[in-house]
Amino acid sequence: MTDTPLWRPDASRLANANLTAFIAHVAAHHDLRIEHYRDLYDWSLASPEDFWRTVWDFCDVRASRRGETVLADGERMPGARWFPQARLNYAENLLRRRDAADALVFWGEDRVKRRLSSARLYDQVSRFAAALKAAGVVAGDRVAGYLPNLPETLIAMLGTASLGAIWSSASPDFGVQGVIDRFGQIAPKVLVCADGYFYAGKAIDSLPRIAEIAAALPSVERVVVVGYTRSDFDIAPIRAALRFDEFLAPHAAGEIAFAQLAFDHPLFILYSSGTTGVPKCIVHGHGGVLLQHVKEHVLHTDVKPGDRLFYFTTCGWMMWNWLVSGLAAGASLLLYDGSPFVDRGKVLWDYAEAERITHFGTSAKYIDAAKKIALVPRKDFDLPHLRVLYSTGSPLAPESFDYVYQCVKPDLCLSS
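Remember, it's a predicted structure, so these values are computed and weren't measured experimentally.

Calculation criteria
- Residues numbered from 1 in each chain as written.
- Predicted model: local features only at pLDDT ≥ 70, side-chain atom pairs only at ≥ 80, totals over all residues.
- Heavy atoms only, no water.
- Buried < 20%, exposed > 50% of the residue type's maximum accessible area, 1.4 Å probe, protein only.
- Helix = DSSP H or I, 4+ residues; strand = E, 2+ residues; numbered from the N terminus.
- Arc of directions from axis to C-beta.
- Contact = heavy atoms within 4.5 Å.
- Pairing = 2+ DSSP bridges.

Draft legend 1. Molecular detail of helix α8 (residues 176-183). Among all positions of α8, only V176, V179, I180, R182 and F183 are buried. Here the buried residues of α8 occupy an arc of 165 degrees about the axis, which is enough to place them on one side. Contacts made by the buried residues of α8 are with β7 (142-146), β8 (166-170), β9 (190-194), α9 (207-216) and β15 (266-271).

Draft legend 2. Inspection of the environment of V137 at higher detail. Structurally, V137 can be placed in the loop between α6 (118-134) and β7. For V137, a relative accessible area of 3% puts it in the buried group. Remark: the alpha-carbon pair of V137 and E221, spanning 84 residues in sequence, is separated by 10.0 Å. If we ignore the near neighbours within four places in the chain, the residues touching V137 are L132, V143, L163, A165, K189 and V190.

Draft legend 3. A look at unusual backbone geometry. The omega angle of the peptide bond from M77 to P78 is 0 degrees, so this bond is cis rather than trans. With respect to the helices and strands, the residue P78 is situated in the loop between β2 (71-72) and β3 (81-82). Located in the positive-phi region is R356, a residue other than glycine, with phi close to 55 degrees. Within the secondary structure, R356 sits in the loop between α13 (347-354) and β19 (359-363).

Draft legend 4. View of the sheet that holds strand β1 (residues 63-65). Here 3 strands make up an open sheet; going across it, the order is β1-β4-β14 and the pairing antiparallel. A strand with exactly one partner marks an edge of an open sheet, and here the two such strands are β1 and β14 (261-262). When β1 meets strand β4 (residues 87-88), the two strands line up antiparallel, connected through 2 bridges. Within the sheet, the bridge partner assigned to R65 lies in β4 and is R87.

In structure tokens:
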């Protein structure tokens, strides 16, 4: 190994990067001499209130009120409060577009392909929010999803968030007890699930597990079942169940009255891994998730309006929450559910080529597996749009990092 960088940005890439524009914005608005990333980093640590206020402005966070105070009781941990006077809604920031461009594209392995425009997504969220409200869901209630990475999952989450209710999700490959261990702690009022999912070409039936889960969660007043693997399925054994379309049917699309919520109002409940006992609940708020994610999308990964953002993730991993926030940066979301090794690992790269993915996210485990089967995407696929490739989870070994760069040759590789 040498210390020679795999890649350096050319002058055009540097000039057009969001981070370059942000540095210029900071220098102009704060009368500072900031020329390099290290200068910006040092300033963000020395002046955190100015930094986060500037991120808010530069990333165009939408709110009915921000207030003058950025940080109250900043010396307390825990106890510090960011933007304590702000009122905003996470879902409103993600649904700012209502045009005919793609909001999301979905591939369920090589079996199902769908797309929704921004206008269509807004309409579906408005209907789901109305249905939740009619079911008695109010701010602070919990709505749980036991779902594949479907368009309906995003619709349900955004509808939940628009009301100020709290979303929590688990992947359908979790067993019954694993789901009960998580959702049993949060007492959801509504459970949203799917009839099944595809994996490695096989349809897996989720309905028996859903019946057990619903029976074990007395707080659940309504179970909403999405039809994914088939059109005809029996929900009679599931307590308080309705099909997704039936749940929405009484409600026409309309304007969404986004609840204006405190910056720290709960948005998501995620969970620890469960390696040291029952998974522990981790609560994330509307403002904190939004501001951190737009910072990461806009400044760290250079997401621009019109970009096409993909991450290989299930709804049981926090990267799903990170992915969907890409709508707030103006990106289209590329959703995938199922095995990444359909057609000997080619399916994700078929997807990248067909849908002009600009940002491709995956796990270190996938990259190591691709290396073992000698997958070389740049030789077999046309990927001129791909600019950023990143992985999260366990860190990439140096040799794997070099492998993936040589195989894909994006403008930028990131690993964390």
